[in-house]
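# Observations on chain architecture
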Amino acid sequence: MTKENAMESNTRPTQSGERVSQGLHGVRERAGKNKQERFTALLHHVTPMLLRESFYALKRKAAPGVDGVTWEEYATGLEDRLQDLHGRVHRGAYQAQPSKRRWIPKANGKQRPLGIAALEDKIVQQAVVTVLNAIYEEDFRGFSYGFRPGRSQHMALDALYVAIKRKRVFDNISHEKLVQLIEERIADPRVLRLIQKWLKAGVMEDGVWSETEAGTPQGAVISPLLSNVYLHYVLDQWTDQWRQAARGAITIVRYADDAILGFEHQDESERYLRELKEHLLEYGLELNEDKTRLIRFGRFARLNRAERGEGKPEAFTFLGFQHMCGKNRLGRFEVRRITDGKRRRKKLQELKQELRWRMHAPIAQVGEWLRSVLRGYYQYHAVPGNLAVLSRFRHQVVRLWYRTLCQRSQRRPTWKKLGPVFDHWLPIPHVMHAYPDARFDARRLAASHPR
């Protein structure tokens, strides 16, 4: 029987604002000093205190998994529950439950599978993520932004001020290959067994269990970290080594499985693509050809395409923004970013349906809700150069609300009467983000982060 370690160590803040134990701080220092070290004893860092912090880090309104237990229900008698969970984890008696399968519609009409983990699985996964982050945050490359502490989508967008090529990466992560890559740094058999339990837990759909032979279940707390580890070894390290031998400048920005690569020379971009496909085959992976394309983009793209009679430069979409070749007031090249049209139309359709449902609710109640929706929308999309699009979006929201109010009764309200109502509740968009080169210069990426 494994001896349980219930010691609750002191905590200290990290650069990202999270708190980690002093023991994990030591792990992070060792990981940074020795990139080849394999950690053989990690599970003792999963203490009752860390499980408690992990529980409070979960979303309180999230849907329950196959266990049917909600966050509020688990909070009743929390300390006894966590002590019991801690004991099962350290004795090896903890068993991962299958994820509840749900299907989420995508903008292209297809559906994306979502796995909803049981609450105790979420707690343990969150605790293990905290422990493993102490190691892998010292290993991950600076151009990787997705689902990492202290990093965001806008940091990735700020870094993307360069020439580009677009790829979208893979859905079929091999469990065997993933465990082998994790073993490059993790040698604690108890932690490895936990990860294998989650990978083999399968999914439950309509009461029927099925095995998942590849991939990490979307929606699980541990999945983003496992995907980042896989991509770190398969894509990031390989690309970083490849560009060291390139004759031209190469830039990469990756957020989860979306990656943008910029090449100075076209022949190198074509050679990289060929060699990447061969490299991925070694891991049983392939690029999604429908989402992979090579385009001319940058300060010379307009001139180069004009010489070939190809028209204006192509645009691309990354993290909800359409990126285009543009010019500033001085006539110099700049990357213009506007909200992606598909995402904007999808949001308007959602608001239309919700307004129909709230048709007979008090105006003040609907106005308060729409105000919060617009503020949240602006918080992400109000970047320099996007105000015209956001103003049109607000105008479209006004029209949707007006049409809904007109359907409440046969007496049609006038614009003159409702105008002050719209002005009161629906905020005007303002720029909420600095210019990318003011916050972060992609050419100084390595110097901007301690790694």
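Calculation criteria
Residues numbered from 1 in each chain as written. Predicted model: local features only at pLDDT ≥ 70, side-chain atom pairs only at ≥ 80, totals over all residues. Heavy atoms only, no water. Core = buried A, V, L, I, M, F, W, Y, C linked by side-chain atoms within 4.5 Å. Buried < 20%, exposed > 50% of the residue type's maximum accessible area, 1.4 Å probe, protein only. Helix = DSSP H or I, 4+ residues; strand = E, 2+ residues; numbered from the N terminus. Contact = heavy atoms within 4.5 Å. Expected span 1.5 Å × (residues − 1). Bend = angle between axes of the 7 residues up to and from the residue. Polar contact = N/O pair within 3.5 Å; in protein donor to acceptor, adjacent residues only side chain to side chain. Phe/Tyr/Trp six-rings, centres within 6.5 Å; stacked < 30°, edge-to-face > 60°. Lys NZ or Arg CZ within 6 Å of the ring centre and 35° of its normal. Pairing = 2+ DSSP bridges. Axes fitted to C-alpha atoms, helices over the stretch in contact; angles between N-to-C directions. Salt bridge = Lys/Arg side-chain N within 4 Å of Asp/Glu carboxyl O.

### Some details on the nonpolar core
- Residues Leu42, Ile123, Leu132, Tyr136, Ile182, Ile186 and Trp198 are the most contacted members of the largest nonpolar core, which totals 70 residues.
- Looking at this core, the element that brings in the most residues is helix α5 (residues 119-136), giving eleven residues.
- What Tyr136 contacts, discounting residues up to four positions off in sequence, is Leu181, Ile182, Arg185, Ile186, Leu225, Val229 and Tyr233.
- Among the nonpolar cores identified, the runner-up in size contains 25 residues, and Trp369, Leu374, Ala382 and Trp425 belong to it.

### Looking at helix α9 (residues 223-244)
- Here α9 is 22 residues long and its end C-alpha atoms lie 30 Å apart, about the 32 Å a rise of 1.5 Å per residue gives.
- Along α9, the sharpest change in direction is near 45° and occurs at His232.
- Counting buried positions along α9 gives 17 out of 22 residues, so the element sits mostly inside the fold.

### Some details on the environment of Trp71
- Among the secondary structure elements, Trp71 is positioned in helix α3 (residues 71-75).
- Here Trp71 is in contact with Phe55, Tyr56, Leu58, Lys59, Arg60 and Leu119, once residues within four sequence places are set aside.
- Of note is the side chain of Trp71, whose polar atom sits 2.9 Å from the backbone oxygen of Phe55.

### Here we look at the packing of aromatic side chains
- Applying the stated criterion across every chain yields a total of 17 aromatic pairs.
- Between the aromatic rings of Trp238 and Tyr272, the centroid separation amounts to 5.4 Å while the plane-to-plane angle is 45°, which identifies the pairing as tilted. On the criterion of sequence distance, the pair formed by Trp238 in helix α9 and Tyr272 in helix α10 (residues 266-281) is long-range, its members being 34 residues apart.
- Judged by its relative accessible area of 17%, Trp238 falls in the buried class.
- Clustering of aromatic rings is evident, with ring pairs tying together Phe55, Tyr56, Trp71 and Tyr74.
- Sitting over the ring of Trp369, Arg358 keeps its end group 4.4 Å from the ring centre.

### Topic: the sheet that holds strand β11 (residues 321-327)
- With respect to topology, three strands assemble into an open sheet ordered β10-β11-β12, the strand pairing being antiparallel. The open sheet has two free edges, formed respectively by β10 (316-318) and β12 (333-339), since each of these has just one partner strand. On average, each strand axis in the sheet is inclined to that of its neighbour by 40°, with strand direction left out of account.

### Some points on the pattern of salt bridges
- With the rule as written, the count across this model stands at 21 salt bridges.
- Of the charged contacts in the structure, one is a salt bridge between Glu314 and Arg293, with a shortest N-O distance of 3.2 Å. Note that Glu314 is positioned in the loop between α11 (301-307) and β10 and Arg293 in the loop between α10 and α11, a separation of 21 residues in sequence.
- On the basis of relative accessible area, Glu314 is assigned to the partly exposed category, the value being 33%.
- Overall, Arg293 belongs to the partly exposed group, its relative accessible area being 33%.
- Residues participating in the shared-partner salt-bridge network are Arg247, Asp267, Glu268, Arg271 and Glu275.

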